[in-house]
Amino acid sequence: RAPPLVATRATLEMSTSLLVRQLVSGMAPKGGARRMLSGSHAEHIEVMEKWKKISFVGFGLVSLFGAFTMIQHFSHEHGHEETIAYPHMKIRTKPFPWGSKDCDLFDLKCKAAARAAAE
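Conventions used here
Residues numbered from 1 in each chain as written. Predicted model: local features only at pLDDT ≥ 70, side-chain atom pairs only at ≥ 80, totals over all residues. Heavy atoms only, no water. Disulfide = S-S within 2.5 Å. Buried < 20%, exposed > 50% of the residue type's maximum accessible area, 1.4 Å probe, protein only. Salt bridge = Lys/Arg side-chain N within 4 Å of Asp/Glu carboxyl O. Helix = DSSP H or I, 4+ residues; strand = E, 2+ residues; numbered from the N terminus.

### Things to note about the state of the cysteines
Then, number 1: Throughout the structure, instances matching the rule amount to 1 disulfide.
Then, number 2: One disulfide in the model links Cys-103 with Cys-110; its S-S distance is 2.1 Å. Residues Cys-103 and Cys-110 are joined by a disulfide whose S-S torsion is about -75 degrees; by sign, that bridge is left-handed.
Then, number 3: The class of Cys-103 is buried, set by a relative accessible area of 2%.
Then, number 4: Take Cys-110: its relative accessible area is 23%, and that puts it in the partly exposed class.

### A short note on the pattern of salt bridges
Then, number 1: A complete count under the given rule lists 1 salt bridge for this structure.
Then, number 2: Glu-49 is paired through a salt bridge with Lys-52; the nearest N and O atoms lie 3.8 Å apart. Here the residue Glu-49 and the residue Lys-52 both occupy positions in helix α2 (residues 41-74), the gap between them amounting to 3 residues, near one helical turn.
Then, number 3: In this structure Glu-49 comes out as partly exposed when scored by relative accessible area, which is 33%.

Written out as C-alpha cells, the structure is:
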C-alpha cells in the first residue's frame, strides 16, 4: 500500500532546491518558450493543411454514416407492445406526493383517466 501523498515542508523545500539547481545548471530553456516541434514553418503549414483535409473527409464520412443509421433506425417499427401486468410491478405502499395514487409523475394519460374517473 502506497503512503498518502502529503506535501510536507521538507518535500516542498527539496523540490524547490531541485528546480533552482536545474535553472542554474542550464537545463531550463534559454530565451523564453521552447519550441516543441521540429522542422520548418512551411512543413508545419503543409501538415496542418493535410490534417484539415483528413478532418473534412472524416467529418463527411461520419455524417454519411449517421444519416444512414438514422434512416435504418426510423425505417422500421420498434416493438411497442403492451407490458404484461406482473403482480410484483407497481406495488404502492404509500401515495405519491403529487396527489395521484397510482399515476407516475409524467404519466399524463393516467392522470387524465384518473381525473375523468373522479368526475
